[in-house]
Amino acid sequence: MLLCVGTARADGTPIPHGTLELVAENQWIAAGHTIHLGLRFQMEKGWHIYWVNPGDSGEPPRVKWQLPAGVSVGEMEWPTPRRLGASSIVDFGYEDDVMLIVPVHAEAAAATQGLAQIGAEVKVLVCREMCIPGKAQLSLTLPMKSQLPVADARAAEWFASARERLPRPAPASWKISVADAGDAFVLTAKLDPRVAQANFFPREESQVKDAAAQQFAAVPGGFRLTLRKSDQLLKPIEQLKGVLVLQGDRGYIIDVPVRKAVAVRGDAVSGSNAPKSSKEVTQK
Amino acid sequence: MKCSHLYRILVAVMLCAVPLLIAAAKVGDAAPEFTATASTGKTVRLTDYRGKYVVLEWHNNGCPYVGKHYNSGNMQRLQKHWTSQGVVWFTVLSSAPGKQGYVTAGEENDYLTKEQAAPTAALLDPTGEIGHLYDAKTSPQMVVISPQGVVIYSGAIDDKPTTDLQDVQGATNYVSLALEQSMSGKPVQTPATRPYGCSVKYRD
């Protein structure tokens, strides 16, 4: 037991073809503050797990939390995924190591002494050529205090590298618009004319055809990406949400209203949108 | 000799490419015709079943999502119920040789007996031709074809995309819903869903 202290691998709970560990960024939970926990997946080479939108097949990890009174978890933060598979079936997920970050908030009235037992029942689908469902019951004990939470040195590096992989909000200076062009969404981004490659990951299932090639075209001041619609999309959508990955590297969160396009031609559907005039066009 | 050999290869390549070139059928489209060999050895032509409802069930015996519906008896129940109502039910096996879910005719017949499964027939599709015609992504993806030969449902078997046996009970079954609605002359309310499950193990 003593030998295990300080070694990272020793604490992982086995899941199919990998391990999973529940870790905390801080040494304790403090009333009135939010700290972050991490679900640290370490997969054997070639095996993967899934993003919140898993794509054509698969399933994202699901967590059931067991929390002490006055403590609640917020929305999971998902690192930028990768496209998995290259043929007619494309999934979105993570290979090798990945950490999902979860904010944990303690109410101001939460206990300021004693120990908090945090439990997480995780169901995860692990796939390579084939898929194996896994289940792990994880637990973590943290002191409850009133003082400001202090970082745990062991976890600092994990959280720093996990945050590096999180998509960040798209800068306000970027002009991104999305037009409904019948069988495709046309995303026009005016941000940096040097961008030569982009990829979009739809946050919601059944909106974009996951396996279809995303056609990239340079336009003045940026680019245009043509996203084929999913066959399962039978109604118009108001917003297109997802992660835009530039140059195969950095991901940005976008959430853009979808405009009805009359024609997809040159710059006609791009640039900043004038909702009123486009609405008039739509209603004709 | 050499020439005819080359010609044969060329024809074979073209035949293989055809399903990929034709846009796969989606809801509202005419159901693409196919001819397949059943595990019994019988030749099955979709066109022979015009006038009847046809269900296509993509299958892979190693997939945990398929396992959920067979180990719970749900799939067998659906097969028995709907075939007793005159519906034609084809289990389609699109796994390529060497991949998970690939079976010989004999292995499939043993499986059907062991699982007490009751499809009209299990169709062997090791080339993935039928799978690509219907753009089958997963097992157990389900397709429902109307008596007029139109795809009226394509997608998941139900609304619980998990591998948990206990999720079968209480799930909304989209296949039954589509058949019930269509048989009573109503439009299918949920004609397309994300077909959850394992990716179909097509040949590379």
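Residues numbered from 1 in each chain as written. Chains lettered and ligands numbered in written order. Predicted model: local features only at pLDDT ≥ 70, side-chain atom pairs only at ≥ 80, totals over all residues.

1. Observations concerning the overall build of chain B
Along the backbone of chain B there are six helices and nine strands. The proportion of buried residues among the 204 residues of chain B is 41%. (Helix = DSSP H or I, 4+ residues; strand = E, 2+ residues; numbered from the N terminus. Buried ≥ 20, exposed ≤ 12 C-beta atoms within 10 Å, placed from the backbone.)

2. Quick word on the overall build of chain A
Looking only at helices and strands, chain A has two helices and 20 strands in total. In chain A, buried positions account for 38% of the 284 residues. Taking the contacts inside chain A whose residues are at least 6 apart along the sequence as the reference set, 71% of them involve residues at least 24 apart. (Contact = placed C-beta atoms within 7 Å.)

3. Topic: the sheet that holds strand S7 (residues 71–73) of chain A
Within a beta sheet, neighbouring strands are joined by backbone hydrogen bonds and run either parallel or antiparallel to one another. All names here are of chain A. As summarised here, the arrangement of the five strands in space is S1-S2-S4-S10-S7, forming an open sheet in which the pairing is antiparallel. If you trace the sheet from one side to the other, it starts and ends with strand S1 (13–15) and S7, each paired once. The average undirected angle you get between the axes of adjacent strands in this sheet is 30 degrees. With seven bridges connecting them, strand S2 (residues 18–24) and strand S4 (residues 34–43) associate as antiparallel partners. Bridge pairing in S4 places glycine 18 opposite methionine 43. Across the sheet, helix H1 (residues 153–164) touches S2, S4 and strand S10 (97–106), and the angle it forms with S4 is around 85 degrees. (Pairing = 2+ DSSP bridges. Axes fitted to C-alpha atoms, helices over the stretch in contact; angles between N-to-C directions.)

4. Quick look at the domain arrangement of chain A
Residue and element names in this part refer to chain A. Structurally, chain A comprises domain 1 (10–166) and domain 2 (169–283). The straight-line distance from the C-alpha centre of domain 1 to that of domain 2 is 31 Å. By residue number, the principal contributor to the side of domain 1 that touches domain 2 is strand S5 (residues 48–55), which donates three residues. Per-class residue counts for the side of domain 1 that touches domain 2 are five nonpolar, four polar and one charged. (Domains from an automatic or database assignment. Nonpolar A, V, L, I, M, F, W, Y, C, P; charged D, E, K, R; others polar.)

5. Some thoughts on the sheet that holds strand S1 (residues 35–38) of chain B
Residues and elements named next belong to chain B. Read across the sheet, seven strands follow the order S2-S1-S5-S4-S3-S7-S8 without closing on themselves; strand pairing throughout is mixed. Only two strands of the sheet have a single neighbouring strand rather than two, namely strand S2 (43–45) and strand S8 (151–155). Taken pair by pair, the neighbouring strands of this sheet meet at an average axis angle of 30 degrees, ignoring direction. Where S1 lies against strand S5 (residues 121–124), two bridges are found, and the strand directions are antiparallel. In the strand pairing of S5, alanine 38 is matched with leucine 123.

6. Some details on helix H3 (residues 74–84) of chain B
All names here are of chain B. Taken as a whole, H3 has its buried residues at Met75, Leu78, Gln79 and Trp82. Along the axis of H3, the buried positions cluster into a sector of 100 degrees, meaning they face one direction only. Just past H3, the residue glycine 86 takes up positive phi, approximately 90 degrees. (Arc of directions from axis to C-beta.)

7. Topic: the confidence of the model for chain A
Low-pLDDT stretches of the model should not have their predicted coordinates read in fine detail. All names here are of chain A. Summing up the model confidence of chain A, the mean pLDDT is 89 and the portion of residues at 70 or higher is 88%. Per-residue pLDDT stays below 50 along residues 1–10; that stretch engages in one contact with residues further than four places along the chain or on separate chains. Note on residues 266–284: pLDDT is under 50 here. Beyond four places in sequence and across chains, it has 22 contacts. (pLDDT = per-residue confidence, 0-100.)

8. Here's the deal with the interface of chain B and chain A
Counting residues at the interface gives 23 residues for chain B, matched by 15 residues for chain A. Its residues assigned to classes, the side of chain B that touches chain A comprises nine nonpolar, ten polar and four charged.

9. Remarks on the pairing of strand S7 (residues 142–145) of chain B
On any regular strand, side chains alternate: one points to one face of the sheet, the next to the other face. All names here are of chain B. The two faces of S7 match: Met142 and Val144 on one face and Val143 and Ile145 on the other face are all buried. As paired strands, strand S3 (residues 54–58) and S7 are joined by four bridges and run antiparallel to one another. Within S7, the residue paired with glutamate 57 across the bridge is methionine 142. Of the strand pairs in this sheet, S7 and S8 are connected by four bridges, and their pairing is antiparallel. Considered in S8, the bridge of isoleucine 145 is made with valine 151. Following S7, the chain reverses through five residues before pairing antiparallel with S8; glycine 149 in that reversal takes a positive phi of roughly 85 degrees.

10. Brief notes about the nonpolar core
Of all hydrophobic cores here, the largest spans 111 residues; its most connected members are Ile29(A), Val55(B), Val144(B) and Val175(B). With eight residues, the single largest contributor to this core is strand S11 (residues 115–127) of chain A. For this core, the domains that each give at least three residues are domain 1 (10–166) and domain 2 (169–283) of chain A. Contact partners of Val144(B), with chain neighbours within four places excluded, come to Tyr53(B), Val55(B), Ile152(B), Tyr153(B), Val175(B), Ala178(B) and Leu179(B). (Core = buried A, V, L, I, M, F, W, Y, C linked by C-beta atoms within 7 Å.)

11. Quick look at helix H6 (residues 174–183) of chain B
Tyr174(B), Val175(B), Ala178(B) and Leu179(B) are the residues of H6(B) that are buried. Each buried residue of H6(B) lies within a common arc of 135 degrees when the element is viewed along its axis, so the set occupies one face.

12. A word on the environment of Val258(A)
Residue and element names in this part refer to chain A. Position of valine 258 relative to the elements: it lies in strand S20 (residues 250–260). For the pair valine 258 and glycine 55, spaced 203 residues apart in the sequence, the C-alpha separation amounts to 21 Å. If near-sequence neighbours (up to four positions away) are discounted, valine 258 is found in contact with Val178, Asp180, Phe185, Ile237, Glu238, Gln239 and Leu240.

13. Thoughts on unusual backbone geometry
At the junction of Ser139(B) and Pro140(B), the peptide bond is cis and its omega measures out at 5 degrees in the coordinates. Within the secondary structure, Pro140(B) is located in the loop between strand S6 (138–139) and S7. The phi dihedral of His17(A) falls on the positive side, at around 55 degrees, and the residue is not glycine. Looking at the element boundaries, His17(A) is found in the loop between S1 and S2. Look at Ser206(A): it is not a glycine, yet its phi comes out positive at around 60 degrees. Along the chain, the position of Ser206(A) falls in the loop between strand S16 (198–202) and strand S17 (215–219).

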